[in-house]
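# Fold and contact review
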Amino acid sequence: MTTMNAVLAAGGPELHPQAAEGVQSVAWLLIALPLAGAAILLLSGRRTDKWGHLLGTAMSLGAFVVGVLAFFQMLGQHADGRSRLVHLFPFISAGSLKVDMNLLVDPLSISFVLLITGVGSLIHIYSIGYMSHDPDRRRFFAYLNLFVAAMLLLVLADNYVGLYIGWEGVGLASYLLIGFWQHKPSAATAAKKAFIVNRVGDFGLSVAIMVMFATFGSLSYQDVFGQASQASQGTITAIGLLLLLGACGKSAQLPLQSWLLDAMEGPTPVSALIHAATMVTAGVYLIVRSHAIYELSPDARLLVTIVGVATLLAGAIIGCAKDDIKKALAGSTMSQIGYMVLAAGLGRPGYVFAIAHLIAHGFFKAGMFLGAGSVMHAMNDDVNMRKFGGLRKVMPITFATFGLGYLAIIGFPGLSGWWTKDGIIDAAFEKGGTSGQILGWLALIGAGITAYYMSRLMFMTFFGEPRWDEDVHPHESPKVMTVPLILLAIGSVAGGAFLILGDRFAKFLAPVVGEPEASHRLITPYTAIVFALMVVGVGLAYVQYLRRPVPRTAPAGNPAVTFARKDLYGDALNESLLMRPGQWLTRLTVFFDNRGVDGVVNGLAAFIGGTSGRVRRVQTGFVRSYALSMFVGAALVVGALFLVRI
Amino acid sequence: MLTALIAIPAVGALLVALLPKGRDALAKQVALGVTLVVAVLSIVMAVQFDPNGKRFQFTEKYWWIKQFGVHYAVGVDGVALVLILLSTILVPLVVLASWNDADRSGGVDAPPKRSVKTYFALLLALEAMMVGVFAATDVFLFYVFFEAMLIPVYFIIGSYGGPQRSYAAVKFLLYSLFGGLLMLAAVIGLYVVSANAGHGTFLFDELRAPEILHHISPTTAKWLFLGFFIAFAIKAPLVPFHTWLPDAAGQAPAGAAVLIVGVLDKVGTFGMLRFCLELFPGASKWFTPVVLTLSVIGIVYGAVLAIGQVDIKRLIAYTSVSHFGFITLGIFAMTSSGQSGATLYMVNHGFSTGALFLLAGFMISRRGSARIDAYGGVQKVAPLLAGTFLVAGLSGLSLPGLSSFVSEFMVLVGTFSRYKVPAVIATVGIILAAIYILWMYQRTMNGPTAEAVKGMKDLSKRELIVVAPIIAIIVALGFYPKPVLDAINPSVKQTLIQVHQQDPKPTVAEKGSHQ
């Protein structure tokens, strides 16, 4: 079996990783440190209230240090030897099913490790300030640590079972953190909804894993990808579509998007870390990691791009209509992940941009969410942008960092988003054919809408006349919150150029996803169009939200606005198609079980016993009756057996 | 060793029962002491057990009723071993958890109780029989333990249960008697068959030998299979034989509910794996489509019913109906992953459902109501109770990292490799499980704290000592199930050889071999 795989794997160097050495051989520390942090904070109880947040932050920083060391060690290795395996322990074994807990340190996983631990640590630090008045701060940091550990397992596992454990682990952390203020019914409901919708996606991922085991007899990336070309086209497409369903759940892509907007009930650092920078991008990771599957199935790839484009537009439209600053950002997150999914579906020319955009987005979106948190702090936890306005003067650092993130996301030339998003649009057109044109133009339009809704958000919050409530006295946030903002802003500005210039990131990822055929063109035929659309978007927002005064209550709006405000009726659809029928089915089933199944049995018992009084008599004299019935029954059977002469 | 494990609690039961009236505290201490000794002994046995050795170890065999070929024969394979461990670890925790259950007086749901010492004596008697039923390697002896278990359970539900206890107890008894009767007929039938083959016996090892197996006509085998299977399906319980369980578990005191759902019901699935499959391999295969269908129905049907429950204990009972669907699915998928997974599922389900019942019991004993809508916002006043309840619940919805995931995953993967459609439908269960657990958790633990809950105390030290080991086991087995799987796998391999089934090959490899 192993030799066969080795032969099959000869096509790509990434398929037979070597054993890890040095720092990489203790890559398990990446997971163990935050996991230990979570365990200590949860088990120690109130005793660690005083310094629990510091321990949590230290654990996350510790993981970051290990990640950086492992990264530099990798840079010292030859490109073909950058995939390293860390053997941990045998996990499940029964018959032919063997699953080992191993970690795979390769360029793709290490990129995520740096993003998760780097941005994660900054958000830990920020939370020290943001959560300083919360009596449950220790529990908050425990959950954050748990999240970091699970997310690292997700990206570091060398097989789909390990990935699945991390996948569900981040789902748990997300559930706990969305519902962190669980005394609020809305938060508790949002948490539950996120978990359940994600489970629909997990259904897909679970079945995909079953198909892979039945097809390949193994669940490690190495074996699955090595033998993928031998499986039938139908099987490969099925796996691709099932994985996509999983990705849709975790990454809030249509049709499983509805949970993400509600997830904003969680504390803002959670929205930044989990529901913007890292967890929601796990679907993109899954697709790019499984590229060997998708490369064999054009149908699955096409559906991936359709989901991506549909979501990037839907998210952008929702983002235009929200007055809640966090929900507007959440719509934007959906939309940006739509770009990444689109890129991942485009195949080899897209992978690098999918991941590069993911990293760039990790910086600017986390920065903007944290900025929104800083604004909320200043505004007594209000999220309604109609009551903001003119904050640039009182919160200069928040304004500057948020502004850089804003310029990055709308694709202002030179900033991160410009490099990565333009790359995606270019790759979509490069796909060629009608589908390439459609995807490309829709992605272009999405970029214009992005500029519009982000400018709207920017103007309503930081520009214009103050529309604050009476008792609001905005102030800049403390250093422990602004320093992370500044660091994230640096990433938003420079990240894209660093990754894309000189095809640096493409070459780095090449051992995993293969090298794109042509090196990336900085200026494409579409550069000017993207820029023009961006200017139009900003201009439109300027006219609507800066030239004219913003009313403190939302105007009624036309049906199109209502459509966008109601999240494109996603919840209404779920409710009428799934929830209501589900509730009726449940009630009917309970009725049926009580009256039907149980009723028949009770009736039968009464019939045999004559009356319920007789049943009681059976009870009182049960030893006698029992002995008798045993005897009679046995006699009957023995008689029957002798009669038929076996 | 095994005899000691049966005899010690049995003697303990007598001892406790014979204590003078009014020595309730002593009765509890003796019960706890005895069950702890049994737990330690069983762990010693588990350590000495050699997974790669003979299938049955710690065997003992004496004539019991020579005229009818009945032996007192006991021994454990890996499957029986882990189930005995499950029982002996749970019982002392249940004793400790039920410390005040029998002497609580007053309250809405707490009608007058009978004697305290009898309750603990019954628990001890039940433990003896649980060990016996898993250890018996003589079919008649198995049957005796199987039926004898009813008696303590009947009295525990009937005397110490909730307001509808006598209805629940009689229902439990009637169902079980019906199943037991069918099984008795089949047991006698087996003896007749073996006598016709020239050697009347009840010994499992002799009955599964080819000379007797080949002597049974396929039709007879099907009838005998049904006799055993229906008895086990009622015990397990499999839809449509399940309606006794919510009543029994809902009315029984929480501690007893743990043993009924956590251990007793496993006798049903254990029996299917050990007796149905190995004694009637042909019939088992013949009935497989029926059993798989019932299993899948059970998974979905039980889960939907659980979602609709308004009573916490009944809800947990229905989740078990769903989980037992997974167990029987895994057993009859006839793959090593499916059957090892199903066996592991029996263990994991015992612990996670046990923890759920215990914690629900702790909560109910404070508030005096089992209705979900009697609670709300418990997390604020009792964070430890809520936290442990959540962990147990998450194990119930098979969250990876907790033990149930491993077994559910193995069952699904093992089933899919042979039966695609049932496995896919069963996977819907993971969505439904999230709904029933998290919705219950939200309604009881989250939201604003209900007025009636405001003064609720968090877990006491005693209660914490009860749940902490279970939670620890749930987490440990979630990450490192190897020790249990190592014990189970060789036994399952024997079963699969007996039913002439091999794991399906991966389709890629098959294609390769055709070329």
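Residues numbered from 1 in each chain as written. Chains lettered and ligands numbered in written order. Predicted model: local features only at pLDDT ≥ 70, side-chain atom pairs only at ≥ 80, totals over all residues. Heavy atoms only, no water.

### What about the overall build of chain B?
Check the secondary structure of chain B and you find 22 helices and two strands. Taken against the 2.2 N^0.38 rule, which gives 24 Å for 515 residues, the C-alpha radius of gyration of chain B at 22 Å falls within 12% of a compact globule. In terms of overall dimensions, chain B has a C-alpha envelope of 70 × 60 × 40 Å along the principal axes. Within chain B, buried positions represent 68% of all 515 residues. In chain B, the share of contacts with a sequence separation of at least 24, taken over all contacts with a separation of at least 6, comes to 81%. (Helix = DSSP H or I, 4+ residues; strand = E, 2+ residues; numbered from the N terminus. Rg over C-alpha atoms; globule rule 2.2 N^0.38 Å. Buried < 20%, exposed > 50% of the residue type's maximum accessible area, 1.4 Å probe, protein only. Contact = heavy atoms within 4.5 Å.)

### Some words on the pairing of strand β1 (residues 57-65) of chain B
Residue and element names in this part refer to chain B. Note that β1 and strand β2 (residues 70-76) share six bridges and pair antiparallel. Note on β2: the bridge partner recorded for Trp63 is His71. As consecutive antiparallel partners, β1 and β2 are separated by four residues, and within that stretch Gly69 has a phi angle of approximately 70°, a positive value. (Pairing = 2+ DSSP bridges.)

### Things to note about the environment of Ala10 of chain B
Residue and element names in this part refer to chain B. By the element assignment, Ala10 lies in helix α1 (residues 2-18). Residue classification places Ala10 among the partly exposed positions, given a relative accessible area of 33%. Between the alpha carbons of Ala10 and Gly298 there is a distance of 36 Å; along the sequence they are 288 residues apart.

### Considerations on the environment of Pro253 of chain B
Residue and element names in this part refer to chain B. Mapped onto the fold, Pro253 is located in the loop between α11 (244-251) and α12 (254-279). Separated by 91 residues in sequence, Pro253 and Gly162 place their C-alpha atoms 7.2 Å apart. Contact partners of Pro253, with chain neighbours within four places excluded, come to Tyr119, Ile156, Tyr160, Gly161 and Lys313.

### Topic: the packing of aromatic side chains
All names here are of chain A. Counted by the stated rule, this structure contains 48 aromatic pairs over all chains. Seen in terms of ring centroids, Tyr126 and Tyr130 are 5.7 Å apart; in terms of plane orientation they differ by 20°. Their pairing is stacked. Here Tyr126 and its partner Tyr130 are both found in helix α4 (residues 107-130), four residues apart, which amounts to about one turn of the helix. The exposure class assigned to Tyr126 is buried, which follows from its relative accessible area of 0%. (Phe/Tyr/Trp six-rings, centres within 6.5 Å; stacked < 30°, edge-to-face > 60°.)

### So, the interface of chain B and chain A
Every contact between the two is made by 83 residues of chain B and, on the other side, 70 residues of chain A. Across the chain B/chain A interface, buried area totals approximately 6400 Å², and carbon plus sulfur atoms make up 73% of it. At the boundary of chain B and chain A, one finds zero salt bridges. For the pair chain B and chain A, the interface holds ten residue pairs in polar contact (both at pLDDT 80 or more). When residues in the side of chain B that touches chain A are grouped by element, the largest group, 16 residues, is from helix α7 (residues 165-196) of chain B. (Buried area = accessible area lost by both parts, 1.4 Å probe. Salt bridge = Lys/Arg side-chain N within 4 Å of Asp/Glu carboxyl O. Polar contact = N/O pair within 3.5 Å; in protein donor to acceptor, adjacent residues only side chain to side chain.)

### Observations concerning the side chain of Gln309 of chain B
Tracing the chain through its elements places Gln309 of chain B in the loop between α13 (281-307) and α14 (312-332). Within the structure, Gln309 of chain B has its side chain in polar contact with the backbone oxygen of Leu305 of chain B (distance 3.0 Å). Excluding anything up to four places from it in sequence, Gln309 of chain B contacts Val590 of chain A together with Arg314, Leu315, Tyr318, Ile372 and Arg443 of chain B.

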